[in-house]
Structures are given as structure tokens and as C-alpha cells.
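Chain residues, written in single-letter form:
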Amino acid sequence: QVQLVESGGGLVQAGGSLRLSCAVSGGTYYAVGWFRQAPGKGREFVSSINWNGDSTNDASSVKGRFTISRDNAKNRVTLQMNSLKPEDTAVYYCAAGSVHTTPSSYIYWGQGTQVTVSS
């Protein structure tokens with residue numbers, strides 16, 4: 001069973017930056033995606049990366065601002081978030097699945113980390 005633990009959330013001003021980290025254990029042969037859920041809204045796709053880290057996919061709302069990457073051992077995935085906006089405020093989750101571009105393939109989920117962007 002794959003386990004994922006998010007960290008790095010916090011409170012920042014609009015225009016600032018945060019770096020989220022997802023520690024992966026129990027297997028590294030998985031795509032990893034970041035999703036977020038704001039109050040009163042459903043969970044939304046943010047960014048994803050394939051099992052070996054050489055292919056990524058980003059939501060239109062974060063292109064040019066967020067960058068996903070993973071380390072050489074494939075056991076940690078990072079989401080660098082720049083130029084943050086108040087509408088980025090949400091709980092951010094990392095998830096593991098078989099195909100990084102297919103939302104339904106994500107079956108393992110972390111517990112989430114809160115990101116709050118002040119206006």
C-alpha cells in the first residue's frame with residue numbers, strides 16, 4: 001500500500017511563495033498528483049508528474065506559477081508555488097495513481113496541508 005504525507009503549508013501574502021512536499025512510501029512506481037479543495041468547493045486537480053519524473057501536467061489556473069518535481073529516489077514530490085493568489089487558498093492533497101494525466105487513476109491519498117493566501 002502506498003502512503004503519502006504532505007507538508008509545507010502555511011499563511012502567505014498575495015504574491016508570495018510556498019513549497020509543498022509529499023513524502024511517498026510503500027512504492028515509487030506511481031504517478032503523483034496534487035489536488036486542492038477550497039471551502040464550499042469540490043476537489044480540483046492542480047498538477048501531476050509521472051513515475052520517473054520526466055513528464056508533467058498542470059491545470060490552466062496554475063500554469064506559469066506552480067512547478068511540480070520529484071527527487072532522484074522518486075520518494076518525494078515537491079510543488080513550488082509562486083505568485084500566489086487569494087483564490088489559491090485551499091487544503092492541498094497529494095495522491096498516487098497509475099497514469100498522471102487520468103484523474104480516475106488516483107487511488108492513494110494523503111491527509112492534506114492547509115495553504116492560506118491573504119489579500
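Up top is the structure.
**Q** For the environment of L18, give the residues involved together with the corresponding values.
**A** Tracing the backbone shows L18 in strand β3 (residues 18-25). Taking the C-alpha atoms as reference points, L18 and A31, separated by 13 residues in sequence, lie 22 Å from one another.

**Q** Lay out the pairing of strand β5 (residues 43-49) with the relevant residues and their values.
**A** When strand β4 (residues 31-37) meets β5, the two strands line up antiparallel, connected through 6 bridges. Bridging across to β5, Q37 finds its partner in R43. The hairpin turn running from β4 into β5, its antiparallel successor, is 5 residues long, and G40 in that turn takes a positive phi close to 80°. Summarising the sheet, β5 and strand β6 (residues 56-58) pair through 3 bridges and their orientation is antiparallel. Note on β6: the bridge partner recorded for S48 is N57. The turn linking β5 back onto β6 is made up of 6 residues, and G53 within it adopts a positive phi angle of 80°.

**Q** Describe the nonpolar core, naming the residues involved and giving the relevant values.
**A** Residues W34, F66, L79, M81 and Y92 are the most contacted members of the largest nonpolar core, which totals 26 residues. Listed by contribution, the elements that provide at least two residues to this core are β3, β4, β5, β7 (66-70), β8 (76-81), β9 (90-97) and β11 (113-118).

**Q** Give a description of the side chain of S21 that names residues and reports values.
**A** Relative to the helices and strands, S21 is located in strand β3. Here R76 takes part through its side chain, which lies 2.5 Å from a polar atom of the side chain of S21. If we ignore the near neighbours within four places in the chain, the residues touching S21 are V5, E6, S7, W34, R76 and V77.

**Q** Let's hear about the pattern of salt bridges: which residues, and what values?
**A** Under the definition given, this model contains 3 salt bridges. Residue E44 is joined to R36 by a salt bridge in which the shortest nitrogen-to-oxygen separation is 4.0 Å. Among the salt bridges present, the one from D88 reaches R65, with a minimum N-O distance of 2.8 Å. Of this pair, D88 sits in the loop between β8 and β9 while R65 sits in the loop between β6 and β7, and the two are 23 residues apart along the sequence. Since its relative accessible area comes to 1%, D88 is described here as buried. Within the structure, one salt-bridge network assembled from shared partners comprises R36, E44, R65 and D88.

What counts and what doesn't
Residues numbered from 1 in each chain as written. Predicted model: local features only at pLDDT ≥ 70, side-chain atom pairs only at ≥ 80, totals over all residues. Heavy atoms only, no water. Helix = DSSP H or I, 4+ residues; strand = E, 2+ residues; numbered from the N terminus. Pairing = 2+ DSSP bridges. Core = buried A, V, L, I, M, F, W, Y, C linked by side-chain atoms within 4.5 Å. Buried < 20%, exposed > 50% of the residue type's maximum accessible area, 1.4 Å probe, protein only. Polar contact = N/O pair within 3.5 Å; in protein donor to acceptor, adjacent residues only side chain to side chain. Contact = heavy atoms within 4.5 Å. Salt bridge = Lys/Arg side-chain N within 4 Å of Asp/Glu carboxyl O.

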